Amino acid sequence: MRGRAFFVDGNPCPYCGKKLDATSNVDGTDKAPNVGDYSVCIGCGGVLVFEDRFKVREPTAAELEVALQDDTLRRTVETVLRLREQFEAAGRSRWVHPRS
Ligand SMILES: [Zn+2]
């Protein structure tokens, strides 16, 4: 996440319940997400699709198949999962607060 952070009033991740409160581009650009853009939940590494007003939803099976062909998206998922595993292995109580 190298681009500008956009602080948003999003909805909970459909996988883990973490509320989307910020987003940024992994390619370093300062572009706000558009409807249909993919995202990765920092709470669980789940692949998400942006809808109107920064709301997110689960991708369809076809969308997920397309998304996982993108190297950057796949590496982002792997990074979130690896960091979360390291955090939990270090005995920390919680990777991210599910409602923050
Ligand atoms: Zn999640």
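Scroll up a little and you will see the structure.
Because the structure is a prediction, the values reported are computed rather than measured.

What counts and how
Residues numbered from 1 in each chain as written. Predicted model: local features only at pLDDT ≥ 70, side-chain atom pairs only at ≥ 80, totals over all residues. Helix = DSSP H or I, 4+ residues; strand = E, 2+ residues; numbered from the N terminus. Rg over C-alpha atoms; globule rule 2.2 N^0.38 Å. Buried ≥ 20, exposed ≤ 12 C-beta atoms within 10 Å, placed from the backbone. Contact = placed C-beta atoms within 7 Å. Core = buried A, V, L, I, M, F, W, Y, C linked by C-beta atoms within 7 Å. Pairing = 2+ DSSP bridges. Axes fitted to C-alpha atoms, helices over the stretch in contact; angles between N-to-C directions.

S.K.: How should I be thinking about the overall build of the protein in this particular structure?
M.R.: A tally of helices and strands in the protein yields two helices and five strands. When its helices and strands are written in sequence order, the protein yields β-β-β-β-β-α-α. For the protein, whose C-alpha radius of gyration is 13 Å, the value lies close to the compact-globule estimate of 13 Å for 100 residues. Looking at the 100 residues of the protein, the share that counts as buried comes to 17%. Look at the contacts in the protein between residues 6 or more apart in sequence, and 49% of them connect residues 24 or more apart.

S.K.: Would you mind showing me how to read the nonpolar core here?
M.R.: The nonpolar side chains of soluble globular proteins are, as a tendency, buried together. Within the largest apolar cluster, twelve residues are counted, these being C13, L20, Y38, V40, C41, I42, C44, V47, L48, F50, F54 and V56. The greatest single-element share of this core, amounting to three residues, is contributed by strand β4 (residues 47-50). Sequence-distant contacts of Y38, that is, excluding residues within four places in its chain, are made with V47, L48, V49, A67 and L73.

S.K.: It is not clear to me how the environment of V49 should be interpreted in this structure. Could you clarify?
M.R.: With respect to the helices, strands and loops of the structure, V49 is situated in strand β4. Residue classification places V49 among the partly exposed positions, given that 19 C-beta atoms sit within 10 Å. Beyond its immediate sequence surroundings of up to four residues, V49 is in contact with G36, Y38, V56, R57, P59 and E63.

S.K.: Please explain the sheet that holds strand β3 (residues 38-40) as it appears in this structure.
M.R.: Neighbouring strands of a sheet are bound in pairs by backbone hydrogen bonds; such pairs are parallel or else antiparallel. With respect to topology, three strands assemble into an open sheet ordered β3-β4-β5, the strand pairing being antiparallel. Two strands lie at the open edges of the sheet, namely β3 and β5 (56-57), each paired on one side alone. Across the face of the sheet, helix α2 (residues 71-89) comes into contact with β3 and β4 while running at roughly 20 degrees to β3.

S.K.: Teacher, can you tell me more about the pairing of β4 here?
M.R.: In regular strands, side chains alternate between the two faces of the sheet. Bridging between β3 and β4 involves three bridges; their strand directions are antiparallel. Within β4, the position partnered with S39 by the bridge is L48. Hairpin remark: β3 followed by β4, antiparallel, with six residues in the connecting loop; positive phi at G45, about 80 degrees. Alignment of β4 against β5, held across two bridges, turns out to be antiparallel. Following the sheet pairing, F50 is matched in β5 by V56. Between β4 and β5, which pair antiparallel one after the other, the connecting turn spans five residues, and R53 there sits at a positive phi close to 55 degrees.

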